[in-house]
Amino acid sequence: MSLPTIVFLLLSFAIILIGAELFTNGIEWVGRKLDLAEGAVGSVLAAVGTALPETMIPLGALLAGG
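Since the structure is predicted, the reported quantities are computational estimates derived from the model, not experimental observations.

Rules used throughout
Residues numbered from 1 in each chain as written. Predicted model: local features only at pLDDT ≥ 70, side-chain atom pairs only at ≥ 80, totals over all residues. Heavy atoms only, no water. Helix = DSSP H or I, 4+ residues; strand = E, 2+ residues; numbered from the N terminus. Buried < 20%, exposed > 50% of the residue type's maximum accessible area, 1.4 Å probe, protein only. Areas by Shrake-Rupley, 256 points an atom, 1.4 Å probe, with all protein chains shown as cover. Expected span 1.5 Å × (residues − 1). Bend = angle between axes of the 7 residues up to and from the residue. Axes fitted to C-alpha atoms, helices over the stretch in contact; angles between N-to-C directions. Parallel < 35°, antiparallel > 145°, perpendicular 65-115°, else oblique. Left-handed = near helix turned anticlockwise from the far one by under 90°. Contact = heavy atoms within 4.5 Å. Nonpolar A, V, L, I, M, F, W, Y, C, P; charged D, E, K, R; others polar.

The secondary structure content of the protein amounts to two helices and zero strands. Projecting the C-alpha coordinates of the protein onto the three principal axes gives extents of approximately 50 × 40 × 15 Å. Relative to its 66 residues, the protein shows a buried fraction of 5%. Taken as a whole, the protein presents about 5500 Å² of accessible surface, with 76% of it coming from carbon and sulfur.

Here you go:
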C-alpha cells in the first residue's frame, strides 16, 4: 500500500471513531433530557438511531416509487 492510501485509511478511521463518540454522547444526553433509565437509552434510543439509515432507504423508495 502506498503512503497516501495508508494516510487516507487512518484519517477515515479517526473520523468514524469521532462520529461514534459523538453519537454515543448524543444518545446519552437525549436519554437524560427525556429522564429515561440507562437500559431504556441503550435498548431503545441507540437501537433506533443505528437502525434508522437502513429503515429510511426502503421507506424513501416506497414513498418515491410508483
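The periodicity of an α-helix, 3.6 residues per turn, causes residues three or four positions apart to be oriented the same way. Taking 1.5 Å per residue, 27 residues should reach 39 Å; helix α2 (residues 38-64) reaches 37 Å between its end C-alpha atoms and fits that length. Along its length, α2 reaches its greatest deviation from straightness, about 45°, at Leu52, and the proline Pro53 lies no more than four positions downstream.

With that out of the way, let us pick up the environment of Gly65. Within the secondary structure, Gly65 sits in the segment after α2. Look at Gly65 and you get partly exposed, because its relative accessible area is 44%. Here the alpha-carbon distance between Gly65 and Ser2, two residues 63 residues apart in the chain, equals 43 Å.

Attention shifts here to unusual backbone geometry. The phi angle at Asp35 is positive, at roughly 55°, despite the residue not being glycine. Tracing the sequence through the fold places Asp35 in the loop between α1 (3-33) and α2. Given the relative accessible area of 70%, Asp35 is considered exposed.

Close contact between α1 and α2 brings their axes to 10 Å; oriented N to C, the two are set at 130°. Viewed along their axes, α1 and α2 adopt a mutual orientation that is oblique. Seen from above, α1 lies across α2 with right-handed handedness. On α2, the residues touching Phe23, Ile27, Glu28, Val30 and Gly31 of α1 are Val41, Leu45, Ala46, Gly49 and Thr50. Looking at the contact of α1 with α2 residue by residue, the class counts come to six nonpolar, three polar and one charged.

Take it as geometry only, folks, not as evidence of what the structure does.
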